[in-house]
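A closer look at the structure
Single-letter residue listing:
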Amino acid sequence: MTAEASYLQKRDYQAVAYTHFLVDVLNSSRSLLVAVLAVLIGLSNTQVGIVLLLYNVGNALSQPLFGRLADRIGARWLVTGGVGWMVFFFSLAAVAPPWPALFALTVAGLGSGAFHPTGTMVASQSSEKQRTQATSIFFMSGQLGLFSGPILAGILLENFGRGGYIVLPLWALSALLMGWFWLSPGQAHPEIEIAQVGQVSVQAIWQRLRTPLALQLGLIIFCTSTISMSAINFAPKLFTEQGYGASYVGLLTGILMLGSAVGGVVGGLIADRRNGRLVIRIATLAVILPVIFYVNAGDVLRLVLLLTAGFFVGMPHSVLVLMVHNLLPGQRATASGLALGFMFFSG
């Protein structure tokens, strides 16, 4: 049995990878729901931006706190609780009047904040020899969810109206059950890390994050996240206003995530075999032109440019997260929460 097969066959890894897929199906499909609600209510671009920012604030700022909690109590409660929270509020967004639905979409981000650092912790510790690959495939599962979410939501919204969207959060209930039965209820860390978790103070963590390397990582994360988040959040409203149908708008949003999923795995393979810094250099330079030209491109070329942009946006994702892990040894969930939280918030 190869090392790669060993982590792919672990039930806890399978549980968090499957959950990541469905969590990000909901995360990415929300932009279409917001676009529909914005048209119903008459929200401006600025108001849509505020709604999306509030979602990302709840998602992002909560992640370091949930990560620190996961380092202490393990994964089961935070994974299942996060998914359950999202199932409830996304279901409410499908059936409630427009303003309560918009509120539900705003607070749903806390569930994503609980899952992401916890799931990343479980994935990253499933294989020490191929840690970048294991983490990148975990992230690929999420990116495939980000790809599928807008497409599925577009089909449901176009054919069944807003009420048809409830199919997606009901589907996510299967991830809640898998996480409950397949994840350990106790401490998720290897024994060598249990003592370290209790010894590292918030002040010590802050000191480790004030190094030049941490500042450089923060700048790279800020730039790459701004590119991807702006495309994901505002492209749906832009093309909806231009008269495109929900299915095409969903495809545009999803194709960026498909490229990101493939790019993340390729970046992980290169990082394990060569150098993570090389992955970052290639990705940050190559993403510029596709992002500049996709808005005014023709329908077919736009899809190609978005796929290319997504590929290079996704390449350094797992590399950056694991670099933050290296800054905080023994605090993987906390490190994941800080890295992913900053990605969502800065974007």
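An account of the accompanying structure is given in this report. Since the model is a prediction, treat every value here as computed from it, not as a measurement.

1. Brief notes about the overall build of the chain
Helix and strand content of the chain: 19 helices and zero strands. Whereas a compact globule of 347 residues would reach a radius of gyration of roughly 20 Å, the chain reaches 19 Å, a difference of no more than 12%. Per-residue burial for the chain yields a buried fraction of 56% across its 347 residues. Considering only residue pairs separated by 6 or more positions, the chain has 85% of its internal contacts joining residues 24 or more positions apart. A total accessible area of about 14,300 Å² is found for the chain, and carbon and sulfur atoms account for 70% of it. Looking at charge distribution, the chain has the averaged site of its 18 positive side-chain charges lying 6 Å from that of its 11 negative ones.

2. Observations concerning a nonpolar patch on the surface
A surface patch of nonpolar side chains, about 630 Å² in accessible area, is lined by Leu69, Ile73, Trp77, Leu177, Trp180 and Phe181. Looking at the nonpolar patch element by element, the count peaks at three residues for helix H10 (residues 173-182). Along the chain, Phe181 turns up in helix H10.

3. Considerations on the nonpolar core
Leu26, Phe90, Leu105, Phe138, Tyr165 and Leu168 are the most contacted members of the largest nonpolar core, which has 78 residues in total. The element best represented in this core is helix H2 (residues 11-41), accounting for 13 residues. Here Leu168 is in contact with Val25, Leu26, Ser29, Gly149, Leu152, Ala153 and Leu156, once residues within four sequence places are set aside. Formed by 16 residues, the second largest nonpolar core is a distinct cluster that contains Phe239, Tyr248, Leu256 and Ala297.

4. So, the packing of aromatic side chains
According to the stated counting rule, one finds ten aromatic pairs in the structure shown. Seen from their ring centres, Phe90 and Tyr165 are 6.4 Å apart, and the 35° between their planes marks the pair as tilted. You can see Phe90 sitting in helix H5 (residues 76-95) and its partner Tyr165 sitting in the loop between helix H8 (131-160) and helix H9 (167-171), a full 75 residues away along the chain. Judged by its relative accessible area of 0%, Tyr165 is buried.

5. Topic: the pattern of salt bridges
Close approach of charged atoms allows side chains of opposite charge to pair. The final tally for this structure, using the stated rule, is one salt bridge. The salt bridge involving Asp299 is made with Arg302; its shortest N-O contact spans 3.1 Å. Remark: Arg302 and Asp299 occur in helix H17 (residues 299-314); sequence separation between them is three residues, near one turn of the helix. Classification of Arg302 as buried rests on a relative accessible area of 4%.

6. Some words on the packing of helix H7 (residues 109-124) against helix H19 (residues 332-346)
Where H7 meets H19, the axes come as close as 8 Å, and the angle between the chain directions of the two elements is 130°. In terms of axis orientation, H7 runs oblique to H19. In this structure, the crossing between H7 and H19 has a hand that is right-handed. Residues His116, Pro117, Thr120, Met121 and Ser124 of H7 pack against Arg332, Ala333, Ser336, Gly337, Leu340 and Phe344 of H19.

7. Regarding H7
Between the first and last C-alpha of H7 there are 23 Å, a value that for 16 residues agrees with the 22 Å anticipated at 1.5 Å per step. Of all 16 residues in H7, 15 are buried; the element is thus mostly enclosed.

8. Focus on the environment of Leu340
As for its position among the elements, Leu340 is in helix H19. Residue class for Leu340 comes out buried when judged on its relative accessible area of 2%. Counting along the chain gives 277 residues from Leu340 to Gln63, while the straight-line C-alpha distance between them is 7.3 Å. Once residues lying within four places of it in the same chain are set aside, the contact partners of Leu340 are Gln63, His116, Pro117, Thr120, Phe139, His317 and Val321.

9. Observations concerning the side chain of Ser148
One can find Ser148 in helix H8. Overall, Ser148 belongs to the buried group, its relative accessible area being 17%. Those residues in contact with Ser148, other than ones at most four positions away along the chain, are Phe21 and Val25.

10. Topic: the side chain of Ser124
Position of Ser124 relative to the elements: it lies in helix H7. At 3.1 Å, the side chain of Ser124 and the backbone oxygen of Met121 are in polar contact. With near-sequence residues (within four places) excluded, Ser124 lies in contact with Arg131, Thr135, Leu322, His325 and Arg332.

11. Brief notes about the environment of Ala70
As for its placement among the helices and strands, Ala70 is situated in helix H4 (residues 63-73). It is 5.9 Å that separates the C-alpha atoms of Ala70 and Thr118, two residues lying 48 residues apart in sequence.

12. With respect to H19
With 15 residues, H19 extends 21 Å between its outermost C-alpha atoms, agreeing within 8% with the 21 Å of an ideal straight helix rising 1.5 Å per residue. In terms of residue burial, H19 counts as a mostly covered element, since twelve of its 15 residues are buried. Along H19, the positions that sit buried rather than exposed are Arg332, Ala333, Thr334, Ala335, Ser336, Gly337, Ala339, Leu340, Gly341, Met343, Phe344 and Ser346.

13. A closer look at the packing of helix H3 (residues 45-61) against H7
One can describe the packing of H3 onto H7 by two numbers: an axis separation of 7 Å at closest approach and a directional angle of 30°. Taken together, the axes of H3 and H7 are roughly parallel relative to one another. The hand of the H3/H7 crossing is right-handed. Residue-level contacts link Tyr55, Gly58 and Asn59 of H3 to Gly109, Leu110, Ser112 and Gly113 of H7. Looking at the contact of H3 with H7, its residues break down into two nonpolar, five polar and no charged.

Calculation rules
Residues numbered from 1 in each chain as written. Predicted model: local features only at pLDDT ≥ 70, side-chain atom pairs only at ≥ 80, totals over all residues. Heavy atoms only, no water. Helix = DSSP H or I, 4+ residues; strand = E, 2+ residues; numbered from the N terminus. Rg over C-alpha atoms; globule rule 2.2 N^0.38 Å. Buried < 20%, exposed > 50% of the residue type's maximum accessible area, 1.4 Å probe, protein only. Contact = heavy atoms within 4.5 Å. Areas by Shrake-Rupley, 256 points an atom, 1.4 Å probe, with all protein chains shown as cover. Lys, Arg positive; Asp, Glu negative; His and termini not counted. Charge placed at Lys NZ, Arg CZ, Asp CG, Glu CD. Patch = residues over 30% accessible without salt bridge, like charges linked within 9 Å, V, L, I, M, F, W, Y side chains within 5 Å. Salt bridge = Lys/Arg side-chain N within 4 Å of Asp/Glu carboxyl O. Core = buried A, V, L, I, M, F, W, Y, C linked by side-chain atoms within 4.5 Å. Phe/Tyr/Trp six-rings, centres within 6.5 Å; stacked < 30°, edge-to-face > 60°. Axes fitted to C-alpha atoms, helices over the stretch in contact; angles between N-to-C directions. Parallel < 35°, antiparallel > 145°, perpendicular 65-115°, else oblique. Left-handed = near helix turned anticlockwise from the far one by under 90°. Expected span 1.5 Å × (residues − 1). Polar contact = N/O pair within 3.5 Å; in protein donor to acceptor, adjacent residues only side chain to side chain. Nonpolar A, V, L, I, M, F, W, Y, C, P; charged D, E, K, R; others polar.

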